[in-house]
Amino acid sequence: MNLLKKILLIFCLLIILVYVTNITSIPSQIVLFEGEELNLGTVYGVTVKENNFQKQIVKTSNNLNNNETITLSLFNTIDVKDVKVDTIPRTTVVPLGNTIGLKLYTSGVLVVGLTEVNGIKPYENTGIEEGDLIVCVNGIDVTTTEELTECVDKSKGKKLEITYIKDGKEHTTNMTATKTSSNEYKLGLWVRDGAAGVGTISYYEPSTGMFAALGHGIVDVDTEELVTISKGTVVTTNVTEIVKGKEGTPGEIKGTIINGLEVGKVNDNSEFGIYGTLTNLSSLNINNQEQYEVALRDEIKEGKAEVIINLEDGARKKYEIEITKIYKNNNNDNKSMIIKVTDEELLNLTGGIIQGMSGAPIVQNGKFIGAVTHVLVSDPTTGYAVFGDLMVKQMRTAK
C-alpha cells in the first residue's frame, strides 16, 4: 500500500511539474501579425479564459487589439497567467544576402576570465565572476578596457568601488588592485569590450529603414552568453576565401573588414539576429522594387525554396534548397526549420551551409520566409533556419 501511495505521489508530482513547466514557458508578451493565429502550445486544460462578456476570445490577431491582455486559466476556473498580446501589420522587406562585417561594443567591459596576481586573488569574495559586466569604477562610467585599466592604475592600490551587472541586475562591490613587478596595478580580471565578425545581412525593411542580420545573436566565445551591446556598426567586407564544409568540419566564408565602409548602425543583439538601421543603401546595392511580403507560418511549406547569397563578384544570387521539416509552434529559439542545400552550384562552391552564411535570406512562393542560422557539422548540406516572422517581431521589440 505504501508503495502504491509513493507511485501515486510521484505521478501527481510529475503531472504538476508538466503543467508548471508549460505555463512558465509561455511568454508574458507575444507579438502577432494581423491574421496570425494565437497558438500558445498549452497542455490540456490550460486555455484562454472567457472574457467578461462570457465570450471566448477568437484565436486570431485580427480580433485582438494592440496591448490587449488575455488571461490563461486552468479548466477555465483558476487563473494562472496573464499574457500581453500586441498585433503588428503585415510588412514587406527586401531580402539581401550580402556578406557584411559587424563591429559590436559592449555596455561596459565583459569579464571573460580570472587569474591570480602575484599569488593574490583581488576578486575573491567580491561576487564578480566570468560573464559579469563592469560598468562603473569609483563613480566613473567604464565602456572600454582602456578606461578600466586607467582607473585601476590610478588607484595606486587604494580600494575601488566597482559597479557591475550580473544576470541583468546591478551590484556594487569593493576591490583592491595588486601591484605587479612592473609597478602596474591589476585586478586579476581578463576583460573584453567588443566583438567583431563576418556574417550575412538578411533583409532591409523600407518602411522603417531597419535591417536584420545573422538570424542568431553574437555570443561571447568565453562565457557563451549573448554579448550585451551599447552600440555597433555594419561595414562592407571583401570575401577573401571560401572554405568548403566537409563532414565533421564546418566550412567558412573568410573576409576582411579592415577599411570596410560603414553602412549601418546596430542597436540590438538578440537570439533571433542582429538589428539596426541602414545608412548607406547604395553600397549594398539595395533595390526597393524587390520587396517580398513576410510570410505567415501557415504559408510556409515543405519542399523547394531558394536561399539568396552573395559569394562571388559582389552579386547576390538565388540557390535552390529543400525545406524538410517545419516547427510551426516554435517561438523559443532560432531553429524553426530544417533545410537542405540541393543546388549543385552552391554545393560545389561551399559544400553546403558554412560559417558566415548565417543570415542568408530564404524565399518561397514570392515571400520572405526566414534565414539560415546553423549547419549540422555531421552533414554540411543540412542545417537550420529561423522564421522570418520571428525576426521581424524581434526587430519591432528592438526599435
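A quick note: this is a predicted structure, and the numbers were derived from the prediction, not measured.

Q: Would you mind going over the overall build of the protein chain with me for this structure?
A: Scanning the protein chain from N- to C-terminus turns up 4 helices and 26 strands. Principal-axis analysis of the C-alpha atoms gives the protein chain an extent of 70 × 70 × 45 Å. Taking all 399 residues of the protein chain together, 47% fall into the buried category. Of all intrachain contacts in the protein chain linking residues separated by at least 6 positions in sequence, the fraction that spans at least 24 positions is 67%. Accessible surface for the protein chain amounts to roughly 20300 Å². Of this, 49% is attributable to carbon and sulfur atoms.

Q: Any chance you could explain the sheet that holds strand β4 (residues 78-88) here in plain terms?
A: Whenever strands of a sheet pair, they do so through backbone hydrogen bonds, lying parallel or antiparallel. Spatial strand order, β1-β4-β3-β2: 4 strands in an open sheet with mixed pairing. Two strands bound the open sheet, and with one partner strand each, they are β1 (29-33) and β2 (46-48). The average undirected angle you get between the axes of adjacent strands in this sheet is 35°. The pairing of β2 with strand β3 (residues 68-74) spans 3 bridges and is antiparallel. The residue of β3 that forms the bridge with V46 is L74.

Q: Sorry, what's going on with the pattern of salt bridges here?
A: Two side chains carrying opposite charge are able to pair once their charged atoms lie near each other. All chains considered together, the criterion is met by 16 salt bridges. As a salt-bridge pair, D389 and K393 come within 2.8 Å of each other at their nearest N and O atoms. Here the residue D389 and the residue K393 both occupy positions in helix α4 (residues 388-398), the gap between them amounting to 4 residues, near one helical turn.

Q: Before we go on, may I ask you to explain the nonpolar core in this structure?
A: Grouped burial of nonpolar side chains is what soluble globular proteins tend to show. Judged by nonpolar contacts, the single largest core of 47 residues is most densely connected at Y203, V307 and I362. Per-element tally for this core: the top contributor is strand β21 (residues 303-312), with 5 residues. With near-sequence residues (within four places) excluded, I362 lies in contact with A305, E306, V307, I321, I339, K367, F368, I369, G370, A371, V372 and A385. Judged by nonpolar contacts, the second largest core, of 20 residues, contains L96, I100, V227 and L278.

Q: How do you make sense of the packing of aromatic side chains when you look at a structure like this?
A: In this description, an aromatic ring pair is defined by two values, namely the gap between the centres and the angle between the planes. Applying the stated criterion to the full structure yields 1 aromatic pair. Both rings, one in Y203 and one in F368, keep their centres 5.3 Å apart while their planes meet at 65°; by these two values the pair is edge-to-face. One end of the pair, Y203, is in strand β13 (residues 189-205); the other, F368, is in strand β25 (residues 367-376), and 165 residues separate them in sequence. Owing to a relative accessible area of 0%, Y203 belongs among the buried residues under this scheme. A relative accessible area of 0% places F368 in the buried class.

Q: Can you walk me through the environment of Y384 in this structure?
A: Position of Y384 relative to the elements: it lies in strand β26 (residues 379-387). With 151 residues separating them along the chain, Y384 and T233 place their C-alpha atoms 26 Å apart. For Y384, the residues in contact, after removing those within four places along its chain, are K335, M337, I338, I339, A371, V372, T373, H374 and L376.

Q: Would you explain the confidence of the model for the protein chain in this entry?
A: Averaged over every residue, the pLDDT of the protein chain is 83; residues scoring 70 or more account for 93%. Here β2 is the element of the protein chain with the lowest mean pLDDT, 77, and strand β24 (residues 361-364) is the one with the highest, 97. Throughout residues 52-65 the model reports pLDDT below 50, and contacts reaching past four residues in sequence, or to other chains, amount to 30 contacts.

Conventions adopted
- Residues numbered from 1 in each chain as written.
- Predicted model: local features only at pLDDT ≥ 70, side-chain atom pairs only at ≥ 80, totals over all residues.
- Heavy atoms only, no water.
- Helix = DSSP H or I, 4+ residues; strand = E, 2+ residues; numbered from the N terminus.
- Buried < 20%, exposed > 50% of the residue type's maximum accessible area, 1.4 Å probe, protein only.
- Contact = heavy atoms within 4.5 Å.
- Areas by Shrake-Rupley, 256 points an atom, 1.4 Å probe, with all protein chains shown as cover.
- Pairing = 2+ DSSP bridges.
- Axes fitted to C-alpha atoms, helices over the stretch in contact; angles between N-to-C directions.
- Salt bridge = Lys/Arg side-chain N within 4 Å of Asp/Glu carboxyl O.
- Core = buried A, V, L, I, M, F, W, Y, C linked by side-chain atoms within 4.5 Å.
- Phe/Tyr/Trp six-rings, centres within 6.5 Å; stacked < 30°, edge-to-face > 60°.
- pLDDT = per-residue confidence, 0-100.

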